[in-house]
Amino acid sequence: LLEDMETLRVHRDSIVFNAGISVCEKGNRWEAALGLFEHMKESKLARDTVTWSAAITACEKGDQWQACLLLLDGMLRADVPTN
């Protein structure tokens, strides 16, 4: 979907990525959620509290506790407000 949006020159912002990460979380697709999370970084899009929380929740639901801890550490190091 994101590739189609790029082809069609549809603007992809943090809201679009946050929604995608949340959909992955609900579908138990933690790896895809992390892929979107990393794509945001590569695209130089701001990752806010919603982004980090959705990625952490996706990993939690996938029983990826080590990834959860790494993300939480990254969130704290990036000085992103926690909720």
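The structure under discussion appears in the preceding block.
Computed from a predicted structure; not experimentally measured. (Residues numbered from 1 in each chain as written. Predicted model: local features only at pLDDT ≥ 70, side-chain atom pairs only at ≥ 80, totals over all residues. Heavy atoms only, no water.)

Quick word on the overall build of the protein chain
- Of the regular secondary structure elements, the protein chain holds five helices and zero strands.
- Expressed as a percentage of its 83 residues, the buried residues of the protein chain come to 35%.
- Of the roughly 5700 Å² of accessible surface on the protein chain, 55% is carried by carbon and sulfur atoms. (Helix = DSSP H or I, 4+ residues; strand = E, 2+ residues; numbered from the N terminus. Buried < 20%, exposed > 50% of the residue type's maximum accessible area, 1.4 Å probe, protein only. Areas by Shrake-Rupley, 256 points an atom, 1.4 Å probe, with all protein chains shown as cover.)

Observations concerning helix α3 (residues 30-42)
- Taking 1.5 Å per residue as the helical rise, α3 with its 13 residues ought to reach 18 Å, and the 18 Å between its terminal C-alpha atoms agrees with that figure.
- When we look at burial in α3, the residues that qualify are A33, L36, F37 and M40. Down the axis of α3, the smallest arc covering the buried residues is 100°, so these residues share one side. In α3, those exposed residues whose orientation departs by more than 90 degrees from the buried face are E31, K41 and E42. (Expected span 1.5 Å × (residues − 1). Arc of directions from axis to C-beta.)

Concerning the side chain of N18
- For N18, the location among the structural elements is in helix α2 (residues 14-26).
- Its relative accessible area of 9% is what places N18 among the buried residues.
- Of the polar contacts made by the side chain of N18, one reaches the side chain of D48; its length is 3.4 Å.
- Ignoring any residue separated from it by four or fewer positions in sequence, one finds N18 in contact with M40, D48, V50 and T51. (Polar contact = N/O pair within 3.5 Å; in protein donor to acceptor, adjacent residues only side chain to side chain. Contact = heavy atoms within 4.5 Å.)

Focus on the packing of aromatic side chains
- Considering all chains together, one arrives at one aromatic pair under this definition.
- Summarising the aromatic geometry, the rings of F37 and W52 are spaced 4.8 Å apart at their centres and angled 80° between planes, so their arrangement reads as edge-to-face. Here F37 is found in helix α3, whereas its partner W52 is found in helix α4 (residues 49-61), with 15 residues between them in sequence. Of the two residues, F37 and W52, both sit in the buried class.
- Across the ring face of F37, the terminal group of R47 is positioned such that the distance to the ring centre comes to 4.1 Å. (Phe/Tyr/Trp six-rings, centres within 6.5 Å; stacked < 30°, edge-to-face > 60°. Lys NZ or Arg CZ within 6 Å of the ring centre and 35° of its normal.)

Comments concerning the nonpolar core
- By size, the foremost hydrophobic cluster in this structure holds 18 residues, and its most contacted members are I21, F37, W52 and L71.
- Among the secondary structure elements, those contributing two or more residues to this core are α2, α3, α4 and α5 (65-77).
- For this core, the leading source of residues is α4, giving six residues.
- Once residues within four sequence positions are removed from consideration, L71 is found in contact with L34, F37, W52, A55, I56 and C59. (Core = buried A, V, L, I, M, F, W, Y, C linked by side-chain atoms within 4.5 Å.)

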